[in-house]
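Residue-level structure breakdown
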Amino acid sequence: MKNIVSFLFLFIFVFSSQAQSQVVSSKQNDNPKLVVGIVVDQMRYDYLTRFYNKYGEGGFKRMINEGYNCKNNHFNYVPTYTGPGHTSVYTGATPKYHGIIGNNWYDKELKKSVYCAGDETVQSVGTTDIAGQMSPHRMKTTTFADENRLFTQMRGKTIGVALKDRGAILPAGHTANAAYWFHGKDEGNWISSTFYIKELPKWVLNFNKKKSVASYFKEWNTYYDISTYTESGSDLNNFEGGFKGKETATFPYDLEALKKQNGNYEILKISAYGNDITTDFALAAIEGEQLGEDNYTDILTLSYSSSDYVGHNFGVNSKEVQDTYIRLDKNLERLFSYLDANIGKNQYTVFLTADHAAVDVPAYLQTVKIPAGYIDSKAQKNKFMEFVEAEYGTADLIENVSNNQVFLNRAKLKELDLDLDDVQNAIVNEIINYEHIDKAYTATTMSSTEFNSGIEALLQKGFNQKKSGDVIFVYDPAFISYSKTGSTHGSGLNYDTHVPLLFFGKGIKHGNTFQKTEITDIAPTMSALLGISFPNGAIGQPLEFVLE
Ligand code: ZN
Ligand code: ZN
Ligand code: ZN
């Protein structure tokens with residue numbers, strides 16, 4: 001009898017714990033095995049539509065045809081730079097909250113300019129150069145990859161990959177297993193920092209040892225016959241930078257011959273092949289880290305940086321940019337085919353967006369009569385310093401001018417017994433008269449008035465009360481402080497804010513919308529998909545219509 005009772009108890013125990021573990025594992029099986037977040041550096045929304053007919057079926061088009069296309073997706077803050085962009089995609093927050101207010105900015109406490117991912121307390125891994133002294137320590141909030149790590153008790157992995165350090169580090173977050181970026185110059189290796197790991201894992205060492213990167217020192221010609229590239233401007237024009245040692249910025253480019261004069265491995269970053277190198281490494285990372293192999297969702301944050309370097313050099317209307325996107329499309333196809341074969345179709349989820357877009361080369365816009373031009377920021381600063389000197393007897397009142405912000409010297413203000421508000425207002429009233437300064441606001445206005453729409457709202461979401469300057473100003477549309485060749489970005493205008501947002505794979509509906517979505521909606525959407533906590537500073541909304 002006793003035996004029967006204990007048998008019965010054992011039976012109930014085994015049965016119920018089995019049922020429990022079934023519940024747990026079936027919940028985990030609902031989630032994708034792998035999430036791949038793709039940020040294409042400097043990708044404008046219209047690259048999807050303008051080059052659409054040149055794309056194959058397996059890349060961008062596959063995401064559009066099988067997944068969800070948010071066609072009216074925008075950055076919701078200024079400044080639209082790479083560091084803030086990557087951070088906002090993954091934190092669902094804006095610089096006001098996550099603290100990455102630029103790529104570089106003047107640090108009021110340290111009294112010097114700092115780099116968004118720079119960290120002198122850590123050491124390089126994989127190089128003796130300082131290029132590895134990086135970490136996400138300046139980012140104040142969590143990314144959705146961090147929340148996935150917390151949710152899975154650190155069992156779900158996070159790996160960050162990009163040519164640019166900030167493109168790899170900020171998305172992967174504070175708890176990443178590792179982030180890897182490319183150190184060009186004379187080395188051409190993928191590196192990391194002691195923030196994550198003491199030494200490079202075997203698969204990275206092997207990847208670097210193979211020297212496959214060097215195989216891209218070859219001719220860069222257009223993927224298809226250049227005469228079919230009717231969606232971009234002529235190859236030879238006055239609006240491109242080009243490479244040292246080649247007279248014209250025209251195809252083909254002999255990268256082997258040009259490398260010596262253009263920073264050796266650095267030239268690969270400014271060619272379409274930089275994205276091939278990134279894909280090569282990303283696939284090696286998926287294999288080497290066994291991403292997507294168990295039931296705990298892993299996250300690969302993947303950023304394609306070469307599109308930005310090419311855009312800066314050749315401009316958004318160039319043949320070089322068009323070819324970079326045609327080749328990037330092939331890389332996406334290669335990535336998705338690999339994921340199908342190795343993780344399984346519908347076992348992974350991908351989203352694709354950008355960290356900002358870019359403006360048409362203003363010198364080109366001028367030729368077609370669109371208001372555009374260049375700011376001589378040095379001359380503007382001199383004029384401004386003369387005003388401060390004349391008004392207050394010393395230009396020392398100005399501590400720094402950077403990222404369209406003026407930082408005042410608080411000690412000097414006190415010494416001269418000046419009122420902060422008065423000085424801020426006087427500066428606004430002065431610089432608003434300058435040619436091509438369109439708007440100017442004081443820090444007090446930014447912190448005391450709630451803006452709900454327009455450029456003021458974008459400035460406010462990019463304005464960090466603790467870190468930003470005392471006066472903030474905005475240039476006229478399509479006016480930039482930049483060379484007369486190539487494109488740049490940073491403003492709150494549509495040419496900089498409108499970027500693609502594509503979702504595809506497990507848990508994603510098929511469809512598209514012109515309803516406005518914001519860059520800060522991505523992280524909450526991915527958190528909702530995974531059933532995990534939202535990043536701790538996220539202000540966006542999950543895009544319900546995207547999710548199954
Ligand atoms: Zn960027
Ligand atoms: Zn060209
Ligand atoms: Zn850029």
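As the structure is a computational prediction, the values presented were derived from the model and not from experiment.

Cut-off values and rules
Residues numbered from 1 in each chain as written. Chains lettered and ligands numbered in written order. Predicted model: local features only at pLDDT ≥ 70, side-chain atom pairs only at ≥ 80, totals over all residues. Heavy atoms only, no water. Donors = N, O, S within 2.8 Å, 3.2 Å for Na, K, Ca; no water. Tetrahedral: all angles 85-135°; square planar, octahedral: opposite > 155°, others 65-115°. Helix = DSSP H or I, 4+ residues; strand = E, 2+ residues; numbered from the N terminus. Buried < 20%, exposed > 50% of the residue type's maximum accessible area, 1.4 Å probe, protein only. Domains from an automatic or database assignment. Contact = heavy atoms within 4.5 Å. Buried area = accessible area lost by both parts, 1.4 Å probe. Salt bridge = Lys/Arg side-chain N within 4 Å of Asp/Glu carboxyl O. Polar contact = N/O pair within 3.5 Å; in protein donor to acceptor, adjacent residues only side chain to side chain. Nonpolar A, V, L, I, M, F, W, Y, C, P; charged D, E, K, R; others polar.

Attention shifts here to the coordination of the zinc ion (ligand 1). Asp41 (OD), Thr82 (OG1), Asp355 (OD) and His356 (NE2) make up the full set of protein donors to the zinc ion (ligand 1), lying at 1.9 to 2.1 Å. Angles of 95 to 131° at the metal separate the four donor atoms of the zinc ion (ligand 1), which places the site in the tetrahedral class. Of note, the zinc ion (ligand 1) draws all its donor residues from one chain, in the sequence arrangement D-x40-T-x272-D-H. If you look at the zinc ion (ligand 1) and the zinc ion (ligand 3), they sit 4.1 Å from each other. Placement of the pair is Thr82 in helix H4 (residues 82–91) and His356 in the loop between strand S12 (348–354) and helix H14 (362–367), with a sequence separation of 274 residues. An identical accessibility class is assigned to Thr82 and His356; each is buried.

Bringing the domain arrangement of the protein chain into the picture now. By domain assignment, the protein chain separates into domain 1 (30–103 + 111–366 + 491–546) and domain 2 (373–476). For domain 1 versus domain 2, the separation of C-alpha centres amounts to 33 Å. The interface of domain 1 with domain 2 comprises 20 residues on the first partner and 15 residues on the second. Overall, the association of domain 1 and domain 2 removes approximately 1500 Å² of surface from exposure, summing both partners, and the carbon and sulfur fraction of that is 55%. Together, Val78, Lys96 and Ile101 form the three largest contributors to the area buried by domain 1 at its contact with domain 2, with a combined 34%. Lys111 is paired through a salt bridge with Glu399; the nearest N and O atoms lie 3.2 Å apart. Here domain 1 is connected to domain 2 by eight residue pairs in polar contact (both at pLDDT 80 or more). The set of elements that each furnish at least two residues to the side of domain 1 that touches domain 2 consists of helix H5 (95–98) and H14. Looking at the side of domain 1 that touches domain 2 residue by residue, the classes come out as 11 nonpolar, five polar and four charged.

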